[in-house]
Amino acid sequence: MTRFLPRTAPPIRAGGLVAATALLLAAAPHTVASAAPTAAAPVVALGGPAQTALHPYAEGGDGPKRSTARITVTGADDTAYEGGFTVTFDLTGAAGIADVAFEPEAGIECAATAPGSATCTGHGISPGRSTVTDLLLTAAKGSEPGDTGTIRVTGEAEGTAFTPFTTEVTVGGPDLVMHRLPFDHEPVPGQKQQAPITFTNRGSRAADGVVLTLRHSRGLDIPQRYSNCAYTTDEAWTTARCTVEGAFEAGATYTLAAPLTLKTTDRAYRDIFGYGIHEAGAGAGAGTVRGATAARATRGTTGEVLRAVPAPKPMAARALDLEPGDNEHEADFRTENTADFVAYGDTASGRAGATVTARLGFRNDGPAWIGHLRSGESVAAVDFTVPQGATVTSAPEGCRGVSAEGTALPSGWTGPAPRYVCPTPATVRDDGGLDLSFGLRIDKVLLGAVGRVVVRGPEPRAAGLPFDPEPGNNTARVVLNGESGGPSPAPSDGPGDGASGTPGSATPTPTTGGAGAGAGGTVAPGAAQNTATGNGGSLAATGSSTAMAASGLAVTALTAGLVLFTAARRRRRA
């Protein structure tokens, strides 16, 4: 760890600066030239906290308490910089106010280069944001509460421009500490729990207004709405940011004038509630519950004003601690509930060489929504086995081709596959699901060629859906050129169940004039077994059809059209 005291830095005089500049020009002209990149040079941004509060200096004990300011660099989203770089810290603006030590990221070295100055050097800047170093800050001996200084950060790399950054350090400040609430973490649908939000200011001065941030996932609800709160809702989260006016004194504890109500809704399953407190205008709402995304905010227009009042009696105190983790907490809830994932398939007809569209997937009939909010892993997967005599010409993004047995295709495989696995996102709403569209070329007309659609667990070895009480409707069919234009009879069960291993099979009836199985494409390993179908299941017919070339099939095509129209109307009403 590199440590030095910027308060001892001697003043920099103009003459010395000119002389130093001349020496640099003579000794290393290439270095100075690199500091002036061309107009087309990529730009990276230095960043960190705009303000950092320091605990007042205290003699004895374990020494001054430390605050941390993380300095980052944000590279271009799609381009990595592979050369060396230098980040320079000008600490003269914080002399006599803050002592600074460095805790650099792995692969980066930091050292004092002159009184009141330091540099960190490294090699390579990845796309996106990465850490350069943590500044470990303590109040300098002799500093007083309210003293403020600045640390200026600049960067240099050949062919790259850096956006400079300045952070402010202040001695003293509020330290808002949120108290953890004692929830029942295994509630039942409909259960209501009180949430008497309580916080303490363990800092050295009053907080001038606070912002209370409340975030809950889709299975939870806070029925109260307040006029001084701004609300945002997205696919998985609802967030309320409530501005509470007033002076919240150092050493005092506050609670809400009336406790909130946290309700477990009928769609709850695995949910999270986050609650945090920040001083207004100083990192307000800085904490972010994992998985939350930006959404348009709407301010409450009705309801009471959310207020915080002094707590009626002292609460359990915590030691003075300016770490952000003290400002917020999260509570996880596990609710006994179910979600019915219902698979749907499609029917389509066409002559040899025609391309048709098969629409398939599943819907969540609830009542629960399902979200893997912590892990971010997929909730489920749709496993589609292609009907025999057809080749996939287009597949949805994110779907991966596998062999007929469900195993990985050979390395470098680029052709169509006999089977596709499509993962879901990490959340599936109670009114949502996964809708997929495949392009299928009919290489050979086989009456009643049937493919199988299975919604299952994200991994074949864990194919079950533990929350689904009706596994019988997790399977559906895709039927090509069914007899009389409708779905062919359910095929007999094969040796597999379609969720893993080898699917069951059915033998379609070939017709004359076919183009030959696999015509126009390379057949993936195991394609000869690509006759998988299900054991019935839910079927929603919404596929397109192509006019039959042979006049003898015209009546069949007309009948198929009527069946498709009727099924589509039924599906829209569902």
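Structure shown above.
Description of the structure in this document. Worth saying up front: this structure is predicted, and the values here are computed from it rather than measured. (Residues numbered from 1 in each chain as written. Predicted model: local features only at pLDDT ≥ 70, side-chain atom pairs only at ≥ 80, totals over all residues. Heavy atoms only, no water.)

1. Structural notes on the side chain of serine 143
Alright, step 1. When you line up the elements, serine 143 lands in the loop between strand S9 (128-139) and strand S10 (148-156).
Alright, step 2. If we ignore the near neighbours within four places in the chain, the residues touching serine 143 are Tyr57, Gly96, Ile97 and Val171. (Helix = DSSP H or I, 4+ residues; strand = E, 2+ residues; numbered from the N terminus. Contact = heavy atoms within 4.5 Å.)

2. A short note on the pairing of strand S25 (residues 328-334)
Alright, step 1. Side-chain alternation along S25 places His329, Ala331 and Phe333 on a buried face and Glu328, Glu330, Asp332 and Arg334 on a face that remains uncovered.
Alright, step 2. Summarising the sheet, strand S22 (residues 270-279) and S25 pair through seven bridges and their orientation is antiparallel. What sits directly across from tyrosine 275, in S25, is histidine 329. (Buried < 20%, exposed > 50% of the residue type's maximum accessible area, 1.4 Å probe, protein only. Pairing = 2+ DSSP bridges.)

3. Some thoughts on the pattern of salt bridges
Alright, step 1. In total, this model carries twelve salt bridges according to the counting rule given.
Alright, step 2. A salt bridge links aspartate 430 to arginine 218; its shortest N-O distance comes to 2.7 Å. Of this pair, aspartate 430 sits in the loop between strand S34 (427-428) and strand S35 (433-442) while arginine 218 sits in the loop between strand S16 (207-217) and strand S17 (220-221); the two residues are 212 residues apart in sequence, bridging distant segments of the chain. Of the two residues, aspartate 430 and arginine 218, both sit in the buried class. (Salt bridge = Lys/Arg side-chain N within 4 Å of Asp/Glu carboxyl O.)

4. Structural notes on the pairing of strand S28 (residues 355-367)
Alright, step 1. Where strand S26 (residues 339-344) and S28 come together, five bridges link them in antiparallel fashion. For alanine 343, the partnering residue across the bridge sits in S28 and is phenylalanine 362.
Alright, step 2. As paired strands, S28 and S35 are joined by nine bridges and run antiparallel to one another. Bridged to glycine 361 within S35 is aspartate 435.

5. Side note on the environment of glycine 251
Alright, step 1. Its location among the elements puts glycine 251 in the loop between strand S19 (237-248) and strand S20 (253-256).
Alright, step 2. What makes glycine 251 exposed here is its relative accessible area of 53%.
Alright, step 3. Spatially, the C-alpha atoms of glycine 251 and asparagine 201 are 5.4 Å apart, while their sequence positions differ by 50 residues.
Alright, step 4. Ignoring sequence-local partners within four residues, the contact set of glycine 251 consists of Asn201 and Arg202.

6. As for unusual backbone geometry
Alright, step 1. Here the residue pair glycine 366 and proline 367 is connected by a cis peptide bond, since its omega of 10° sits within 30 degrees of zero.
Alright, step 2. For proline 367, the position within the fold is in strand S28.
Alright, step 3. Notably, asparagine 481 is not glycine yet its phi reads approximately 55°, a positive angle.
Alright, step 4. Position of asparagine 481 among the secondary structure elements: in the loop between strand S38 (475-480) and strand S39 (509-510).
Alright, step 5. A relative accessible area of 3% places asparagine 481 in the buried class.

7. As for the sheet that holds S20
Alright, step 1. The strand order across the open sheet formed by four strands is S13-S15-S20-S24, and the pairing between neighbours is antiparallel. Pairing within the sheet leaves two strands with one partner each, and these edge strands are strand S13 (176-178) and strand S24 (308-310). Mean inter-strand twist for the sheet, computed between neighbouring axes without regard to direction, equals 30°.
Alright, step 2. For S13 and strand S15 (residues 198-201), the ladder comprises three bridges, and the chain directions are antiparallel. Paired with valine 177 across the two strands is threonine 200, which belongs to S15. (Axes fitted to C-alpha atoms, helices over the stretch in contact; angles between N-to-C directions.)

8. Some remarks on the nonpolar core
One broad rule of soluble globular proteins: the nonpolar side chains tend to lie buried together.
Alright, step 1. In this structure, Phe341, Leu360, Phe438 and Leu440 are the most contacted members of the largest nonpolar core, which totals 39 residues.
Alright, step 2. Beyond its immediate stretch of four places on either side in the chain, phenylalanine 438 contacts Val356, Thr357, Ala358, Leu360, Phe384, Val392, Ser394, Ala395, Pro396, Cys399, Tyr420 and Cys422.
Alright, step 3. With 32 residues, the next largest nonpolar core counts Val44, Ile71, Tyr81 and Val100 among its residues. (Core = buried A, V, L, I, M, F, W, Y, C linked by side-chain atoms within 4.5 Å.)

9. Overview of the packing of aromatic side chains
Alright, step 1. A full pass over the atoms with the stated rule returns 13 aromatic pairs.
Alright, step 2. Ring centres of phenylalanine 183 and tyrosine 275 lie 6.4 Å apart, and the angle between their planes is 80°; this geometry places the pair in the edge-to-face category. Here the residue phenylalanine 183 occupies a position in the loop between S13 and strand S14 (192-195), and tyrosine 275 occupies one in strand S22, the gap between them amounting to 92 residues. Taken individually, phenylalanine 183 and tyrosine 275 each receive the classification buried, so the pair is uniform in this respect.
Alright, step 3. Here the aromatic cluster, defined as three or more aromatic residues joined through ring pairs, consists of Phe183, Phe273, Tyr275 and Phe333.
Alright, step 4. In this structure, arginine 225 is placed above the aromatic ring of tyrosine 231, and the distance from its NZ or CZ to the ring centre is 4.7 Å.
Alright, step 5. Its guanidinium or amino end placed over the ring of tyrosine 269, arginine 270 lies 4.1 Å from that ring's centre, counting from NZ or CZ. (Phe/Tyr/Trp six-rings, centres within 6.5 Å; stacked < 30°, edge-to-face > 60°. Lys NZ or Arg CZ within 6 Å of the ring centre and 35° of its normal.)

10. A look at the state of the cysteines
Alright, step 1. Inspection of every chain in the model, using the stated rule, returns three disulfides.
Alright, step 2. Between the sulfur atoms of cysteine 110 and its disulfide partner cysteine 120 the distance amounts to 2.0 Å. The sign of the 110° torsion about the S-S bond sets the cysteine 110-cysteine 120 disulfide as right-handed. Placement of cysteine 110 in strand S7 (residues 109-114) and of cysteine 120 in strand S8 (residues 117-125) is noted, with a sequence separation of ten residues between them.
Alright, step 3. Taking relative accessible area as the criterion, cysteine 110 reaches 10% and is therefore assigned buried.
Alright, step 4. Disulfide pairing is shown between cysteine 229 and cysteine 242; the S-S distance is 2.0 Å. Residues cysteine 229 and cysteine 242 are joined through a disulfide that is right-handed, its torsion about the S-S bond being 110°. You can see cysteine 229 sitting in strand S18 (residues 229-233) and its partner cysteine 242 sitting in strand S19, a full 13 residues away along the chain.
Alright, step 5. By relative accessible area, cysteine 229 is classed as buried at 0%.
Alright, step 6. Residue classification places cysteine 242 among the buried positions, given a relative accessible area of 1%. (Disulfide = S-S within 2.5 Å.)

11. Details of the environment of glycine 376
Alright, step 1. You can see glycine 376 is positioned in the loop between strand S29 (370-371) and strand S30 (381-385).
Alright, step 2. The partly exposed category is assigned to glycine 376, whose relative accessible area is 48%.
Alright, step 3. Taking the C-alpha atoms as reference points, glycine 376 and proline 425, separated by 49 residues in sequence, lie 8.1 Å from one another.

12. Here we look at the sheet that holds strand S37 (residues 449-456)
Alright, step 1. Spatially, S27-S38-S37-S30-S33-S32 is the arrangement adopted by the six strands of the open sheet, whose pairing is mixed. The sheet is open, and its two borders are formed by strand S27 (346-348) and strand S32 (400-402), each paired with just one other strand. Strand-to-strand twist across the sheet, computed as the mean angle between neighbouring axes with direction ignored, equals 20°.
Alright, step 2. Looking at chain direction, S27 and S38 are connected through three bridges and run parallel. Across the sheet, threonine 347 pairs through a bridge with valine 479, a residue of S38.

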